[in-house]
Amino acid sequence: MARHRNVRGYNYDEDFEDDDVYGQSVEDDYCISPSTAAQFIYSRRDNSSAVEPGQEYDYGDLKDSSSSLSSHQLSAVDQARLYSCLDYMREILGEAVPDEVLVEAVLQNKFDVQKAMTVVLEPDKMQNLKVKSEGARSTGMIAKDTQSSRSDSEIVPKVAKMTVSGKKQTMGFDVPGLTAEENGHSFHTPHKGPHSEDTSIASSDVLETVSKSVPSAHTVQASEEQSSTPTPVKRSSKPKQQIDVKAELESRQGGKQLLNLVVIGHVDAGKSTLMGHMLYLLGNVNKRTMHKYEQESKKAGKASFAYAWVLDETGEERERGVTMDVGMMKFETKTKIITLMDAPGHKDFIPNMITGAAQADVAVLVVDASRGEFEAGFETGGQTREHGLLVRSLGVTQLAVAVNKMDQVNWQQERFQEITGKLGHFLKQAGFKESDVAFIPTSGLSGENLVTRSQSGELTRWYKGLCLVEQIDSFKPPQRSIDKPFRLCVSDVFKDQGSGFCVTGKIEAGYIQTGDRLLAMPPNETCTAKGITLHDEPVDWAAAGDHVSLTLVGMDIIKINVGCVFCGPRDPIKACTRFRARILIFNIEIPITKGFPVLLHYQTVSEPAVIKRLISILNKTTGEVTKKKPKLLTKGQNALVELQTQRPIAVELYKDFKELGRFMLRYSGSTVAAGVVTEIKE
Ligand code: GDP
C-alpha cells in the first residue's frame, strides 16, 4: 500500500463532456460550461525561465571546470553561458568526458551546444580539439555509447547545478543552440535583453488570438529574429524507440482497464470499514493479517475498527479512529484494475480529501443510514454535501452511493428510499446525471452486499440491484489524454535507497518511458526518469491515468515539492503567479470583494492566494458579460476574476487540459468557489 505523505493540496482529474453541467450550487442550477470557458482568449507566455538582468548565479557546483577555464578569459555572461552548456552536456554524457574537452568544444563552437556535442561525439572532429589524449579516448567510448543506446542519460550525471537567486526559482537561461521549438521554451540569453524579447513574444501571441494592444511591426520582427538566431541543430544522439502506447495499453494488465476510485463521505460513515472489509472479501488482505488487526484492535479497545485498520495505517489514525491521509490500495474486479483512495472524512482534512478526489475518475460516497447520522452528515456543514460538491467540481461524473450501516436500521426499505430521495435531489443539483449515480444498500461491518449480492431475505425482498463491487466494475473508464504532452502532478517526494530520489503522482496527460528527460515546473529544473514503478512493479512506460512512482536522477530533491508538475522539456507547462479564471461561487455567507484572501487548491497544491480583480459577472448559461467591474460577488454567481498566488504554480488553461485547468477556492475552512483557468498572466 502506498500512502501520500506531505499532502499539500489537491489535484483534479477527469474530464467531462462539453454539454456537461458541474459544480453547481446546492440551490441553483447553472454551470461553468467548458464551451463558454473556451471562448476566453489568453496570451501564452513562456517567460518563466527568463532571467532578469542583475540576477546572480551560483556556480558553486562547478568547481571541477574552473581549472579548465583558467586558460580562457571569459566575461561573466560568457562564463555563465559556458556553464549552462556544460550542464547540458554532462547530463547527456555523464562524467566520462573530461571537462577540458567539453570546455574546448563549447568555446570553439561559440557556445552552440549542439555543435559542441557533435564535435565531442565524433572522434575525427575530436582531433581538432586541443585536448589530452586520454580525454579523446574516453570521448570515443562515449560517442559509441550515446549513439547506440538511450541509456546514456541513465548514467547518473554529476550535474552542475545552477541556481538563480530571485523571486522566481528559475534555472536561468537556455542552452544556446537549443531553439525554443526544440525544448519547448522561449528561453532568453541575458545579453540579448530579455525584456525586449519577452514583450515581443507576448505580443505576437496576443496577435494570434485577440489583441487589445497592437504590437508594432518592429517588435514582431524582432521576435522572429530572436527566435531564429540560434542555429537549429538536431540532437546527435539516436532518438529513443517510440512505443505505441495505445496498443500497449490495450494489451497491458490482460486487457483490464485502470480506474482510479476515491471513497468519500462524512466522518464515521464507515468508509474505511467498508473498503477494508471489501478488500478482505476480495482476497486482498490475507486471513493472518486480518486476524492480527482483529487482535490488535480488540486490545486497543476498538474492536469495531478492525477492518478500518486495513486502510488506516498510521498510529495516530488508529488512535483517533479517523482517516487523515489518503490511503491507497489496488484491487481487481472482473474487468478493471482499481486504484482505491480512501479520503479522510473529517473536516480538518479536506485538503487531503481534495488531493485524493482530484486524482479520481469515479467515487464511492458512503453515507451512514442510522437515524440522525445521515442527517448530521447531510446538513449544512456536513461532509456529505461538501464532498459531493467537491468531487463533482473536480470532474468526477460517476458515483456509487453506499447507503451504509443498513444493519443499524434493520435493512428498512423506507429508510433507504428516504435517503436516496434526499441525496438524489442534492446530487442532481450538484451536477451529477441521474443515470450516473447508483445507490447500494450495504453494511461495511457485516460485509453484506459488498462483493456478492446479498442473500438475506431482509434485503432481497426489495433490492434486486448490483452489489458494490459489481457497481464499481460497471463504471465507464474515462477518456485519457494520452495524445497530449506529458504531465504528472507530484503528490509525494521521497528519497529511496538508490541514486536519485522518487516522486509519486498521477499522470494526467501523455505518457512516459524510462530514460525520458523531464522538466519540473515551477522550479524549472530538468532531470531524467531512471525508473518507473506502477503498482509496485517496475515498468518501461506508463500513460495518462496511471499512478506511478518515478525514480529521478540529475536533480536535487530539495528543488521538488508536492504540487510540482513534471512535463516534457519540449512542451512545458507554464508557471505563473497571476491568472484569470471563470469561477462559480458556492453557497457563501460573506460576499467576495477585491483582495479577498483564499486558499487555492489546484492539483496537489494548496497555495495562499488573493482575488486580485473582479473583472465581470457572467451569465450562467451563455457566459456573456452581464456586469463589468462588479464591486462584489455573491452566492451562485458566475464571474471572471484575476487571482494572484503567493508563489508560482504550474497551471494549464482549461481549454487545453481539462484535467489541469480546474481549481477550488477555500476560505476559513469551507469551499467558496470552483473555477477554471482561462488566461495565464505571469
Ligand atoms: P470512516 O470515518 O468513514 O472511515 O468510518 P470508519 O470505517 O472508521 O467507521 C466508523 C465506525 O462505524 C466504526 O466503529 C465502525 O465499526 C462502524 N461501522 C462501519 N460500518 C458499519 C456498518 O456497516 N454497520 C455498523 N453497525 N457499524 C459500522
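The sections below set out a description of the structure shown in this document. Because the structure is a prediction, the values reported are computed rather than measured. (Residues numbered from 1 in each chain as written. Predicted model: local features only at pLDDT ≥ 70, side-chain atom pairs only at ≥ 80, totals over all residues. Heavy atoms only, no water.)

A few points about the packing of aromatic side chains
- For the structure shown, the criterion picks out seven aromatic pairs.
- Taking the centre distance of 6.3 Å and the plane angle of 75° together, the rings of Phe416 and Tyr463 count as edge-to-face. With Phe416 in helix H18 (residues 413-429) and Tyr463 in the loop between helix H19 (457-460) and helix H20 (468-473), this pair connects stretches of sequence that are 47 residues apart.
- Taken together, Phe374, Phe378 and Phe426 form an aromatic cluster joined through their ring pairs.
- Across the ring face of Phe432, the terminal group of Arg392 is positioned such that the distance to the ring centre comes to 5.8 Å.
- When the ring centre of Phe657 is taken as origin, the NZ or CZ atom of Lys484, which lies over that ring, is 5.2 Å away. (Phe/Tyr/Trp six-rings, centres within 6.5 Å; stacked < 30°, edge-to-face > 60°. Helix = DSSP H or I, 4+ residues; strand = E, 2+ residues; numbered from the N terminus. Lys NZ or Arg CZ within 6 Å of the ring centre and 35° of its normal.)

Looking at helix H4 (residues 99-108)
- Within H4, eight of the ten residues are buried, which leaves it mostly tucked inside the rest of the structure.
- In the segment just after H4, Lys110 is the residue with positive phi, at about 50°. (Buried < 20%, exposed > 50% of the residue type's maximum accessible area, 1.4 Å probe, protein only.)

A look at the environment of Phe501
- Within the element layout of this structure, Phe501 appears in strand S11 (residues 501-509).
- Its relative accessible area of 1% is what places Phe501 among the buried residues.
- As a C-alpha pair, Phe501 and Val553 span 52 residues in sequence and 6.9 Å in three-dimensional space.
- With near-sequence residues (within four places) excluded, Phe501 lies in contact with Val493, Phe494, Lys495, Asp496, Leu550, Thr551, Leu552, Met555, Asp556, Ile557 and Ile560. (Contact = heavy atoms within 4.5 Å.)

So, unusual backbone geometry
- That bond from Met521 to Pro522 is cis: its omega, 5°, falls within 30 degrees of zero.
- The residue Pro522 is located in the loop between strand S13 (517-521) and strand S14 (525-534) in this model.
- Backbone geometry at Lys110 places phi at a positive 50°, although glycine is not the residue there.
- The topology assignment puts Lys110 in the loop between H4 and helix H5 (113-121).

Observations regarding the pattern of salt bridges
- One pass over the full model with this rule turns up 22 salt bridges.
- Glu607 is the partner of Arg647 in a salt bridge, and the nearest nitrogen-oxygen pair spans 2.7 Å. Taken together, the positions of Arg647 in strand S25 (residues 638-651) and Glu607 in strand S22 (residues 605-618) put the pair 40 residues apart, joining distant regions of the chain.
- For the salt bridge of Asp656 with Lys655, the shortest nitrogen-to-oxygen distance reads 3.5 Å.
- On the accessibility criterion, Lys655 (39% relative accessible area) is partly exposed.
- Sharing partners across several salt bridges, the network here consists of Arg371, Glu375, Arg415, Glu418 and Lys422. (Salt bridge = Lys/Arg side-chain N within 4 Å of Asp/Glu carboxyl O.)

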